[in-house]
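Coordinate analysis (summary)
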Amino acid sequence: MSKAETKAVPLTEILNKQVANFSVLYMKLHHYHWNVKGEHFFTLHVKFEEFYTEAALHLDTVAERMLSLRAVPTATLKQQLAIASIKEATGEESAPQMVKVLAGDFDCICSDLTMGISLAEEHRDQPTADMLIAIRSSLEKHRWMLEAYLGK
């Protein structure tokens, strides 16, 4: 392996974890979208759809960045569940619990993204750093809004 290839391994592992995170998040958001109930149904049903649409874009963007770095993104649910930082939906969440879990998921993913940003910058991979910064910025805003919804 060349020096450039060995430097890319940890970064592509971090990117692959994000492929897994956004895959799990995408399915979790669909579950929440389909199963939310209660007085905030109309608000949350639409918001969860917005979130899963965005998660799909992030998933594709990160996977394609990995491919451009000559790495292969994970593409099976079993592999993704094994390496993701977040967990799939339990099926037992109430509407407020769904919102709380998502705020936590966004926070967790932001922490992972911060590590990826630092590593990309260390390796002078500005395209990857910029991509991760944009994703983190969006998720931080969503986390703030979810926490505000919960009254935090």
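All of the points below concern the structure found in this document. Everything quoted here is computed from the prediction, not taken from an experiment. (Residues numbered from 1 in each chain as written. Predicted model: local features only at pLDDT ≥ 70, side-chain atom pairs only at ≥ 80, totals over all residues. Heavy atoms only, no water.)

Remarks on the overall build of the protein chain
- Broken down by element type, the protein chain carries five helices and zero strands.
- Starting at the N terminus and ending at the C terminus, the protein chain contains elements arranged as α-α-α-α-α.
- Relative to the 2.2 N^0.38 estimate, which gives 15 Å for 152 residues, the radius of gyration of the protein chain is 16 Å and therefore close to what a compact globule would have.
- Projected onto its principal axes, the C-alpha coordinates of the protein chain cover approximately 55 × 30 × 20 Å.
- Buried residues in the protein chain amount to 41% of all 152 residues.
- Residue pairs at least 24 apart in sequence account for 79% of intrachain contacts in the protein chain once pairs closer than 6 positions are excluded.
- Per element, the accessible surface of the protein chain, about 8500 Å² overall, is 57% carbon and sulfur.
- A distance of 4 Å separates the average location of the 16 positive side-chain charges in the protein chain from that of its 20 negative side-chain charges. (Helix = DSSP H or I, 4+ residues; strand = E, 2+ residues; numbered from the N terminus. Rg over C-alpha atoms; globule rule 2.2 N^0.38 Å. Buried < 20%, exposed > 50% of the residue type's maximum accessible area, 1.4 Å probe, protein only. Contact = heavy atoms within 4.5 Å. Areas by Shrake-Rupley, 256 points an atom, 1.4 Å probe, with all protein chains shown as cover. Lys, Arg positive; Asp, Glu negative; His and termini not counted. Charge placed at Lys NZ, Arg CZ, Asp CG, Glu CD.)

Focus: the environment of Pro96
- Mapped onto the fold, Pro96 is located in helix H4 (residues 95-122).
- Taking the C-alpha atoms as reference points, Pro96 and Leu146, 50 residues apart in sequence, are found 9.8 Å from one another.

A look at the side chain of Thr12
- Counting through the fold element by element, Thr12 comes out in helix H1 (residues 3-35).
- When residues no more than four places from it in sequence are discounted, the contact partners of Thr12 are Met66, Leu69 and Ala71.

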